[in-house]
Amino acid sequence: MRTYRELFRVPEFTPLFTSSSLQFAGLTISGLALGTHIYEQTGSPLLSALAMFGPQLAQVLGATLLLSAADRLPPRGAMTALALVYAAATAAQAVPGMPVWGAFAILVCLGLLASVGGGVRFGLLNEILPRDGYLLGRSVVNMSAGAMQIGGFAVGGVLVAALSPRGTLLIAAAAFVLCAVLSRAGLGARAPRVAGRPSVAETWRVNGLLWSSRHRRVLYLVLWLPNGLVVGAESQFVPYDPGRAGLLLALAALGMLTGDVLAGRVLPPAWRPRLGVPLLLLLAAPYLVFLARPPLAVAAVAVTVASAGFAASLVQQDRLMALTPDELSGQALGLHTSGMLTMQGVSAAVAGGIAELTSPGTAMAAMGALSVAATLALMPGLRAAGTAAADPAQDPAQDPAADPVQDPAPRPPGGGGGARGRESGTEPAQAGPAEVRPRAPRAR
């Protein structure tokens, strides 16, 4: 699959894409509004950064307690319910007199649920697309996230000025309600990918299985650390320049959008694996200029160019899926998303702490330097993981004695439209445990 036309012909991709776009728009607008509101109330760069990126910190709890639900809940129902919860919680944050601690308590709850939501959404994406379509599909979803962030930060800045942060939070809540409506109306009634009840024990067991391969471990670390550290730098845009933070955030989203277009559609597939490390270095190095507190024009160029490096995550996700059994794709992607967002929240806290002691510009440069160091440290393992992903059957790190998946929902051969998985609405038959094997490599 090489063209956007082919992609949007796949059943269920368009409603999934649209509902995801509204989710990203709501998160962007609400994050900017709440971050601005908290900064106005407290004057603290640390609390402002945590208001924008704090829910990610709670994702580590969701990843260790709730993540087995990503493959064990009906995707349509789960996405609809989660969007409604986000709408109610965001509206609650707009209630007059809401204390700062109350807003953060709501953020923690949303972070717990977000760990499941990411696994459900991207597990469904992996299920409805053919094997060679995941990277293109994920790049389009990422492009949508970038476009929604560009528009969301720009529109959010206008709304905050015109309506106040509380009024902007209500607009974001309405976007979540529309997301729920589209998910319910547009997605098919699919059964869960894996039978059985979600539980803490099952979450731990499958996370341990995913972590048992050293190549998957390296890929997870590469997906979490360099990316998360750079987002810590982005968390300082508001205290760095409160009047132009929306512009810098929109330019960061524009750079991410450009990188995803290039990686997902323009660059030949054979080039993508070679660009993983260069893109990670591009992601971080431009932030070093903030040590000198550059003028706005230089800062804008640095942020835009750096954010194109986020496309490195597409390369690493494709490798991760090549080394992951299909029936675990939801939890595998949920673990990636939760770990990445948790690291972003930790990095926002670290950057805010550095900014409290020094300055926002110094904090941004420090996070960029740490991201470069993390990339260089992980580079040898990343090369080995790339080799294993090209031929998973020869991966010596795969554990043939690993604990099998319990009662996976069966998949009939074939499938309409080239999509993997069951036909919509069918009931899962009972089957015995399936041996976990790495999936076949994607077509390149």
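Note that the coordinates shown come from a computational prediction; the quantities given were computed from them, not determined experimentally.

**Q** Quick question: what am I supposed to make of the overall build of the protein here?
**A** Along its length, the protein carries 16 helices and 0 strands. For the protein, the residues scored as buried account for 58% of the 444 residues in total. For the protein, the accessible surface area stands at approximately 16,400 Å², while carbon and sulfur atoms represent 69% of it.

**Q** How should I be thinking about a nonpolar patch on the surface in this particular structure?
**A** On the surface, Val60, Leu61, Leu65, Leu66, Val200 and Trp204 cluster together to form a nonpolar patch covering roughly 530 Å² of accessible area. Counting only elements with at least two residues in the nonpolar patch, the list comes to α4 (55–65) and α8 (200–211). Here the element with the most residues in the nonpolar patch is α4; it accounts for 3 residues. Residue valine 200 is classed as partly exposed on the basis of its relative accessible area, which comes to 40%.

**Q** Looking at this structure, how should I read the confidence of the model for the protein?
**A** Regions with low pLDDT carry predicted coordinates that are not meant to be interpreted in detail. Across the protein, pLDDT averages 79, with 86% of residues at or above 70. Across the protein, element-level confidence peaks in helix α13 (residues 296–307) with a mean pLDDT of 93 and bottoms out in α4 with 72. A low-confidence stretch, residues 396–444 (pLDDT under 50), is modelled with 122 contacts involving residues beyond four sequence positions or located in other chains.

**Q** Would you mind going over the nonpolar core with me for this structure?
**A** Counting residues in hydrophobic clusters, the biggest one holds 85 residues, and the most contacted among them are Phe13, Leu125, Phe237, Tyr287 and Phe290. Take this core: its biggest share by element is 10 residues, from helix α9 (residues 214–234). Leu50, Ala103, Phe104 and Leu107 belong to the second largest nonpolar core, which has 19 residues in total.

**Q** Would you take a moment to explain helix α5 (residues 75–93) for this structure?
**A** Residues lying three or four places apart along an α-helix face the same way, a consequence of the helix completing one turn every 3.6 residues. With 19 residues, α5 extends 27 Å from end C-alpha to end C-alpha; this agrees with the ideal 27 Å at 1.5 Å per step. The complete set of buried residues in α5 reads Pro75, Ala78, Met79, Thr80, Leu82, Ala83, Tyr86, Ala87, Ala89, Thr90 and Gln93.

**Q** Looking at this structure, I do not really get the packing of aromatic side chains. What am I missing?
**A** When we look at a pair of aromatic rings, we describe it by the centre distance and by the angle of the planes. Under the definition given, this model contains 9 aromatic pairs. Taking 5.3 Å as the distance between ring centres and 45 degrees as the angle between the ring planes, the aromatic pair formed by tyrosine 86 and phenylalanine 176 counts as tilted. Of this pair, tyrosine 86 sits in helix α5 while phenylalanine 176 sits in helix α7 (residues 134–186), placing them 90 residues apart in sequence. For the pair shown, tyrosine 86 and phenylalanine 176 are each scored as buried. With a centroid separation of 5.8 Å and 10 degrees between ring planes, the pair formed by tryptophan 211 and tryptophan 224 is classed as stacked. Of the two residues, tryptophan 211 is situated in helix α8 and tryptophan 224 in helix α9; the sequence distance between them amounts to 13 residues. Residue classification places tryptophan 211 among the partly exposed residues on the basis of a relative accessible area of 32%. The class for tryptophan 224 is buried, based on a relative accessible area of 15%. By the ring-pair criterion, three or more aromatic residues cluster together here, those being Phe8, Phe13 and Phe17. Across the ring face of tyrosine 240, the terminal group of arginine 293 is positioned such that the distance to the ring centre comes to 4.5 Å.

**Q** How should I be thinking about the packing of α5 against helix α6 (residues 100–128) in this particular structure?
**A** When two helices pack together, their arrangement is given by the angle between the helix axes and the distance between those axes. Between α5 and α6, the shortest axis-to-axis distance is 10 Å and the interhelical angle comes to 155 degrees. As the angle between them shows, α5 and α6 are arranged roughly antiparallel. Of the two possible hands of crossing, α5 and α6 adopt the one that is left-handed. Residue-level inspection shows Pro75, Ala78, Met79, Leu82, Val85, Tyr86, Ala89, Ala92 and Gln93 of α5 in contact with α6, the latter providing Ala103, Ile106, Leu107, Leu110, Leu113, Ala114, Gly117, Val120, Arg121 and Leu124. Its residues placed into classes, the contact of α5 with α6 shows 16 nonpolar, 2 polar and 1 charged.

**Q** How do you make sense of the environment of leucine 112 when you look at a structure like this?
**A** Within the secondary structure, leucine 112 sits in helix α6. With 53 residues separating them in the primary sequence, leucine 112 and glutamine 59 have C-alpha atoms 5.2 Å apart. The contacts of leucine 112, once residues within four sequence positions are left out, are Ala58, Leu61, Gly62 and Leu66.

Procedures and definitions
Residues numbered from 1 in each chain as written. Predicted model: local features only at pLDDT ≥ 70, side-chain atom pairs only at ≥ 80, totals over all residues. Heavy atoms only, no water. Helix = DSSP H or I, 4+ residues; strand = E, 2+ residues; numbered from the N terminus. Buried < 20%, exposed > 50% of the residue type's maximum accessible area, 1.4 Å probe, protein only. Areas by Shrake-Rupley, 256 points an atom, 1.4 Å probe, with all protein chains shown as cover. Patch = residues over 30% accessible without salt bridge, like charges linked within 9 Å, V, L, I, M, F, W, Y side chains within 5 Å. Salt bridge = Lys/Arg side-chain N within 4 Å of Asp/Glu carboxyl O. pLDDT = per-residue confidence, 0-100. Contact = heavy atoms within 4.5 Å. Core = buried A, V, L, I, M, F, W, Y, C linked by side-chain atoms within 4.5 Å. Expected span 1.5 Å × (residues − 1). Phe/Tyr/Trp six-rings, centres within 6.5 Å; stacked < 30°, edge-to-face > 60°. Lys NZ or Arg CZ within 6 Å of the ring centre and 35° of its normal. Axes fitted to C-alpha atoms, helices over the stretch in contact; angles between N-to-C directions. Parallel < 35°, antiparallel > 145°, perpendicular 65-115°, else oblique. Left-handed = near helix turned anticlockwise from the far one by under 90°. Nonpolar A, V, L, I, M, F, W, Y, C, P; charged D, E, K, R; others polar.

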